[in-house]
2 protein chains.
Amino acid sequence: MKWVNKSNVLIVGLGLMGGSYAKAIKRIGHHVLAIDKDKEAIEYGLANGIIDEGADHDDPELIKKADCIIIALYPSIVVKWISENKGFFKKGIKITDVMGVKSSFLYKVQEELADTDVEYISAHPMAGREVWGVKNASDKIFRDANYIVVPTDKNTEEGIMWCENLGRVLGFYRVSILSPEEHDDMIAYVSQLTHCIAVSLMTCEDSVKAKDYTGDSFRDLTRIANINGTMWSELFLLNKDALLGQIDKFMSEMGEIRSMIEKDDREGLKDKMRLSTERRSQFNKE
Amino acid sequence: MKWVNKSNVLIVGLGLMGGSYAKAIKRIGHHVLAIDKDKEAIEYGLANGIIDEGADHDDPELIKKADCIIIALYPSIVVKWISENKGFFKKGIKITDVMGVKSSFLYKVQEELADTDVEYISAHPMAGREVWGVKNASDKIFRDANYIVVPTDKNTEEGIMWCENLGRVLGFYRVSILSPEEHDDMIAYVSQLTHCIAVSLMTCEDSVKAKDYTGDSFRDLTRIANINGTMWSELFLLNKDALLGQIDKFMSEMGEIRSMIEKDDREGLKDKMRLSTERRSQFNKE
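Residues numbered from 1 in each chain as written. Chains lettered and ligands numbered in written order. Predicted model: local features only at pLDDT ≥ 70, side-chain atom pairs only at ≥ 80, totals over all residues. Heavy atoms only, no water.

(A) Spotlight on the relation of the copies chain A and chain B. With an RMSD of 0.0 Å, chain A superimposes on chain B once it is rotated by 180° and translated 0.0 Å along the axis. Interpreted geometrically, this transformation is the action of a two-fold axis. Rotation axis and chain A: the residue whose C-alpha lies nearest the axis is L221 of chain A, separated from it by 2.3 Å. Most of the interface of chain A is mirrored in chain B, where 100% of its interface residues are also at the interface. (Least-squares fit on C-alpha atoms with pLDDT ≥ 70 in both. Contact = heavy atoms within 4.5 Å.)

Right, here's the structure in full:
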């Protein structure tokens, strides 16, 4: 399928991300099917015109119709879902996903599909929010956000292009490509480490008593401390090695700054702040 | 003086905060004088109507005119400035300030003034920005921000009320009162610790290579990594004990979360995230 032709797009998992994909994909004219074990999510999707057809179980008839599939499940259950339903896949379809960690399941999924003509191309839409569920879905969350295609050597050039094009039609600001290992390492730094920090900042002190005195900086740093524990604990554990490495680097750096404060090393602190300011300024250029 | 009557208000130090005070105070009809050793700052203030009169040195004639003084200098030089210029103060005036740490200099300043009839009431306008200098001054930075009056037992009820009223006429969202020790401990947590974290996050890794993949969370956490090193290294060192205490609490909490990840303690992680979400939700209620 090409994203310009009207197709049947099946979304598996109708939460915040699945629902947001559904809205964007329906807007550009496709027929959107959805499966979610939560009956309420499906009913909400149908009642609000977010999806065209839906089922609260793995309905073979719905799966057979799909010209492509977008998987928006928790990473730990993707392999199982593929294994149980691959018999119903239309010939030669493409499958993509939305999960925030890759190495831990991607190779297994592709192995599971090795005996089929179905191509699985992984992607990470970096457009999370601190809210969840289809009721909070919005196709506007993709604007200004990054979309990363994460291919392996099992993917074809055509498959990768198809997945890049999905990122573009969804309206992402930037579409790029990383290997699963590069992706997981980068995401441990820019996303998982920041969530660990935000949570620690809220739990290390009775932060509520500070509520009346917080400035913008504290609010900015802890916005993501409002966190879906089920999803993020899974993401942390599935990316354990990369995340522990990043936590260690960060804590060692905090330790260095702590020691500079203890020793009244004003010049050392200024050097750190100069480097930090210089690096941060490059983030503002666009 | 009362803030409702037209008075001569002297601002010592015409940087971001001094300039923002000047704009707000002139807007409500006062005559604004300023002293700053940086000639350019004074010239900019005069040319742009931010101040009415100015001097690039401690001009006795200007100081003698002042019905009240707002000190916006680095904390380390306040005592010296007061000591050198107190001979020129008008009888019975009130002095306030804007500095972000208190215990380290406030008692000394009040001691310096003990033989005069001048009252010094300290305050902390929590309205910093990542830019500095009078050219970035704006009286809009006080909106939605907190203003804390930090009295000691040397202050009178009238002096404290005068200082609270200044916070209100400047347009702050919330005006409250804390002791110097409560203030310094709280500020170590909500402001200085967050700046340490943001700097560490930028310097612990070659963050620039991650630029193309950052989501909102990373950008939010590092906005304040763009930092005035001279000012912040001074603030850190002047509040050393409180800040080290907060860094230790935070790092011990990060260590606990690290260990939960290492041991696959999913329930422990979920508990932390539940507490963090619950606390953070109380910050959104207004």
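(B) Focus on the domain arrangement of chain A. Residue and element names in this part refer to chain A. Split into domains, chain A comes out as domain 1 (8-178) and domain 2 (183-281). With 15 residues of domain 1 at the interface, the matching set in domain 2 holds 17 residues. Summing the contributions of domain 1 and of domain 2, the shared interface buries around 1,400 Å²; its carbon and sulfur component is 65%. Where domain 1 meets domain 2, there are 0 salt bridges. Joining domain 1 to domain 2, the criterion identifies 4 residue pairs in polar contact (both at pLDDT 80 or more). Among the secondary structure elements, those contributing two or more residues to the side of domain 1 that touches domain 2 are α5 (103-112), β6 (119-126) and β7 (146-150). A class-by-class count of the residues in the side of domain 1 that touches domain 2 yields 8 nonpolar, 5 polar and 2 charged. (Domains from an automatic or database assignment. Buried area = accessible area lost by both parts, 1.4 Å probe. Salt bridge = Lys/Arg side-chain N within 4 Å of Asp/Glu carboxyl O. Polar contact = N/O pair within 3.5 Å; in protein donor to acceptor, adjacent residues only side chain to side chain. Helix = DSSP H or I, 4+ residues; strand = E, 2+ residues; numbered from the N terminus. Nonpolar A, V, L, I, M, F, W, Y, C, P; charged D, E, K, R; others polar.)

(C) A look at the pattern of salt bridges. A full pass over the atoms with the stated rule returns 44 salt bridges over all chains. Among the ionic pairs, K86 of chain B bridges to E112 of chain B, the shortest N-O distance being 3.1 Å. Pair noted here: K86 of chain B is in the loop between α4 (78-85) and β5 (94-97) and E112 of chain B is in helix α5 (residues 103-112), with a separation of 26 residues, a long-range link. For K86 of chain B, a relative accessible area of 21% translates into the label partly exposed. K270 of chain B is the salt-bridge partner of E267 of chain B, the closest N and O atoms lying 3.7 Å from each other. Residue E267 of chain B and its partner K270 of chain B are located together in helix α11 (residues 266-281), separated by 3 residues, close to a single helical turn. Look at K270 of chain B and you get buried, because its relative accessible area is 18%. Among the charged side chains, a salt-bridge network with shared partners connects K86, E112 and D115 of chain A. (Buried < 20%, exposed > 50% of the residue type's maximum accessible area, 1.4 Å probe, protein only.)

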